[in-house]
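What follows is the residue order along each chain.
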Amino acid sequence: MCDARHQHMRHAVQLSRTKMDEGCGGPFGAVIVRDGKVIAEGWNNVTSSNDPTAHAEVSAIRAACEILGTFDLSGCEIYTSCEPCPMCLAAIYWARIDHIYYANGREDAAAIGFDDQFLYDEVAKPVSARSLPCDHIELPEAREVFQAWAEKEDKIPY
């Protein structure tokens, strides 16, 4: 039996294949669904756009937000051909998507050269222990901007 979830997942997987074959980038596709209807598609176009953030999930989120005119994708689900990497997972959380469905796992991605374990490990480390140097430069002006945000009455919280 093939339910709507399987149809949406097949859509994401077909996108991954089609766009990979077209030379857009790696073998990753995603669709965002609201109320059973696909509202946005995304695929990996890192190499074709020279944008390291142009993963399928991020691309789909950007498209969905533009179509819906909001940064809040509550009420939506994402179907992605592979378990989201740390960047995409964070973007999905920030977008407030209700549910993630994925086909291939991170182990499957690692087996074909897309190993994100390093990133999972780095994020869990204290800042001082990460392989990328990161230094805190404290400036009073930076705190003043944050204070201004805290006091801003017409801000749009997110």
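So, here's what we can say about the structure. (Residues numbered from 1 in each chain as written. Predicted model: local features only at pLDDT ≥ 70, side-chain atom pairs only at ≥ 80, totals over all residues. Heavy atoms only, no water.)

Re the side chain of E122
Working step 1: Mapped onto the elements, E122 comes out in helix α6 (residues 117-124).
Working step 2: With near-sequence residues (within four places) excluded, E122 lies in contact with R130, S131 and L132. (Helix = DSSP H or I, 4+ residues; strand = E, 2+ residues; numbered from the N terminus. Contact = heavy atoms within 4.5 Å.)

Section: the nonpolar core
Working step 1: Membership of the largest hydrophobic core comes to 18 residues, with the highest contact counts inside it found for I32, I39, I61, A64, L73, I78 and I97.
Working step 2: In terms of residues, this core owes the most to one element, helix α3 (residues 56-68), which gives five residues.
Working step 3: Discounting residues that sit within four places of it in the chain, I78 has contacts with A30, V31, I32, E57, I92, I97, H99, I100 and Y101.
Working step 4: In terms of nonpolar packing, the next biggest core, distinct from the first, is built from seven residues, M9, V31, V33 and Y101 among them. (Core = buried A, V, L, I, M, F, W, Y, C linked by side-chain atoms within 4.5 Å. Buried < 20%, exposed > 50% of the residue type's maximum accessible area, 1.4 Å probe, protein only.)

Notes on the packing of aromatic side chains
Each aromatic ring pair is characterised by the separation of its centres together with the angle its planes make.
Working step 1: Overall, the coordinates contain three aromatic pairs when judged by the stated rule.
Working step 2: Pairing F71 with Y158 gives two aromatic rings, centres 6.1 Å apart and planes at 75°, and the pair type is edge-to-face. With a gap of 87 residues between them, F71 in the loop between α3 and β3 (76-82) and Y158 in the segment after α7 (140-151) connect regions that are remote in the sequence.
Working step 3: Residue classification places F71 among the partly exposed residues on the basis of a relative accessible area of 41%.
Working step 4: Their ring planes at 10° and their centres at 4.6 Å tell us that Y79 and Y101 sit as a pair that is stacked. Taken together, the residues Y79 in strand β3 and Y101 in strand β4 (residues 99-104) connect sequence positions 22 residues apart.
Working step 5: Y79 sits in the buried class, given a relative accessible area of 2%. (Phe/Tyr/Trp six-rings, centres within 6.5 Å; stacked < 30°, edge-to-face > 60°.)

Brief notes about the pattern of salt bridges
Working step 1: If you walk through the whole model with that rule in mind, you get nine salt bridges.
Working step 2: The residue K19 makes a salt bridge to E22 at a minimum N-O spacing of 3.3 Å.
Working step 3: For K19, a relative accessible area of 16% puts it in the buried group.
Working step 4: The exposure class assigned to E22 is exposed, which follows from its relative accessible area of 51%.
Working step 5: Ionic pairing is found between R62 and D51, a salt bridge with its closest N-O pair at 3.8 Å. With R62 in helix α3 and D51 in the loop between α2 (46-49) and α3, this residue pair connects regions lying eleven residues apart in the sequence.
Working step 6: Look at D51 and you get partly exposed, because its relative accessible area is 24%. (Salt bridge = Lys/Arg side-chain N within 4 Å of Asp/Glu carboxyl O.)

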